[in-house]
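Per-entry structural report
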Amino acid sequence: GDTVIDLGSGAGNDCFVARALTGENGKVIGIDMTDAMIDKARENAEKLGFNNVEFRIGDIEKIPVAANRADVVVSNCVLNLVPDKRKAFQEIFRIMKPNGHFSISDVVLTGNLPQSLLKASEMYVGCVSGSLQKQEYLNIINETGLVNCSVQKEKLITLPDDVLSGYLTPQQIEDYKNSGAEILSITVYAEKPINAQCNPERRCC
């Protein structure tokens, strides 16, 4: 019976999983910024006969959903690609109902990766280039007004030497491995307070 919003919904796979949990009385809304993915997702929903799953084109920094709509917000390795992450979390706060929650999988960093690695297109495609430091990421969530923030899962992402060698010299690879810098895949949970007040800066009015 919940309303679930998936940010960066792609072809709709996560929306269809959410729909299995919400049931026919629930509502699932997928948001994606590309026409091709929206068209594909709508085609898939029609094939499956799901009339309570819809897809809307839009940016995560300006989500095309009314305030206080979502019981649950999900996202899978997309927010790290958004330029203004603070704005994105403010939008998530806005669209969530009081006492609603999000569960977001994302990529974050600890320590400093070599600049030649961060700027590589392959790292962008792999959701690394736009990643924040882990603590900065969590700080933004808390500063947005969300509460009970916790990292539910954390997994180290190891880049193989054949990938690193495309951007770093052998000595740079060795220095990187000894630097303590890490790429982490995390799943973060947080809630909107039940007594959350409207804040014009979050555009919830």
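Our subject in this report is the structure included herewith. The shown structure was predicted, so the numbers you read here are calculated from the model rather than taken from an experiment.

**Considerations on the side chain of Lys-192**
Mapped onto the elements, Lys-192 comes out in the segment after strand S7 (182-191). Of note is the side chain of Lys-192, whose polar atom sits 2.8 Å from the side chain of Asn-68. The contacts of Lys-192, once residues within four sequence positions are left out, are Asn-68, Phe-93, Arg-94, Met-96, Lys-97, Pro-98, Asn-99, Gly-100 and Leu-146.

**Describing helix H3 (residues 85-95)**
In terms of residue burial, H3 counts as a mostly covered element, since 8 of its 11 residues are buried. Looking at H3, one finds that the buried residues are Lys-85, Ala-88, Phe-89, Glu-91, Ile-92, Phe-93, Arg-94 and Ile-95. Tucked into the core, H3 has its buried residues touching strand S1 (3-7), strand S4 (70-76), strand S5 (96-110) and helix H6 (134-144). Capping the start of H3 is the job of one residue whose side-chain oxygen sits 3.4 Å from the backbone nitrogen of Arg-86: Asp-84.

**Some words on the side chain of Arg-94**
Note that Arg-94 resides in helix H3. Among the residues examined, Arg-94 registers a relative accessible area of 7% and is labelled buried. Engagement of the side chain of Arg-94 in a polar contact is seen with the side chain of Glu-91, the distance being 2.8 Å.

**Thoughts on the packing of H3 against H6**
Direction vectors running N to C along H3 and H6 enclose 40°, while the axes themselves pass 9 Å from each other. If you check the angle between H3 and H6, you find them oblique. Note that H3 runs across H6; the crossing there is right-handed. Note on element contacts: H6 touches H3 through Tyr-137, Ile-140, Ile-141, Glu-143 and Thr-144, opposite Lys-85, Arg-86, Phe-89, Gln-90 and Phe-93.

**Comments concerning the layout of surface pockets**
Think of a ball as big as a water molecule: rolled over the atoms, this probe shows where empty space is left. Its boundaries defined by the atoms lining it, the largest pocket holds a volume of some 320 Å³. If you go around the largest pocket, you meet 15 residues; those closest to its centre are Met-33, Ile-60, Val-78, Leu-81 and Val-82. Roughly 250 Å³ of internal volume is contained in the second largest pocket. If you trace the second largest pocket, you find 16 residues lining it, with Val-4, Asp-14, Ala-18, Val-74 and Ser-103 closest to the centre. Among the elements of the structure, S1, helix H1 (13-22), S4 and S5 are those that each provide at least two residues to the lining of the second largest pocket.

**Points about the packing of aromatic side chains**
Throughout the structure, instances matching the rule amount to 4 aromatic pairs. Taking 5.5 Å as the distance between ring centres and 90° as the angle between the ring planes, the aromatic pair formed by Phe-89 and Tyr-137 counts as edge-to-face. Taken together, the positions of Phe-89 in helix H3 and Tyr-137 in helix H6 put the pair 48 residues apart, joining distant regions of the chain. In this structure an aromatic cluster arises from ring pairing among Phe-16, Phe-50 and Phe-55.

So, how was this worked out
- Residues numbered from 1 in each chain as written.
- Predicted model: local features only at pLDDT ≥ 70, side-chain atom pairs only at ≥ 80, totals over all residues.
- Heavy atoms only, no water.
- Helix = DSSP H or I, 4+ residues; strand = E, 2+ residues; numbered from the N terminus.
- Polar contact = N/O pair within 3.5 Å; in protein donor to acceptor, adjacent residues only side chain to side chain.
- Contact = heavy atoms within 4.5 Å.
- Buried < 20%, exposed > 50% of the residue type's maximum accessible area, 1.4 Å probe, protein only.
- Axes fitted to C-alpha atoms, helices over the stretch in contact; angles between N-to-C directions.
- Parallel < 35°, antiparallel > 145°, perpendicular 65-115°, else oblique.
- Left-handed = near helix turned anticlockwise from the far one by under 90°.
- 1 Å grid on protein atoms, 1.4 Å probe; cavity = no way out; pocket = protein on both sides within 12 Å on 5 of 7 lines; lining within 4 Å.
- Points joined across faces, edges and corners; volume = space filled by probe spheres on them.
- Phe/Tyr/Trp six-rings, centres within 6.5 Å; stacked < 30°, edge-to-face > 60°.

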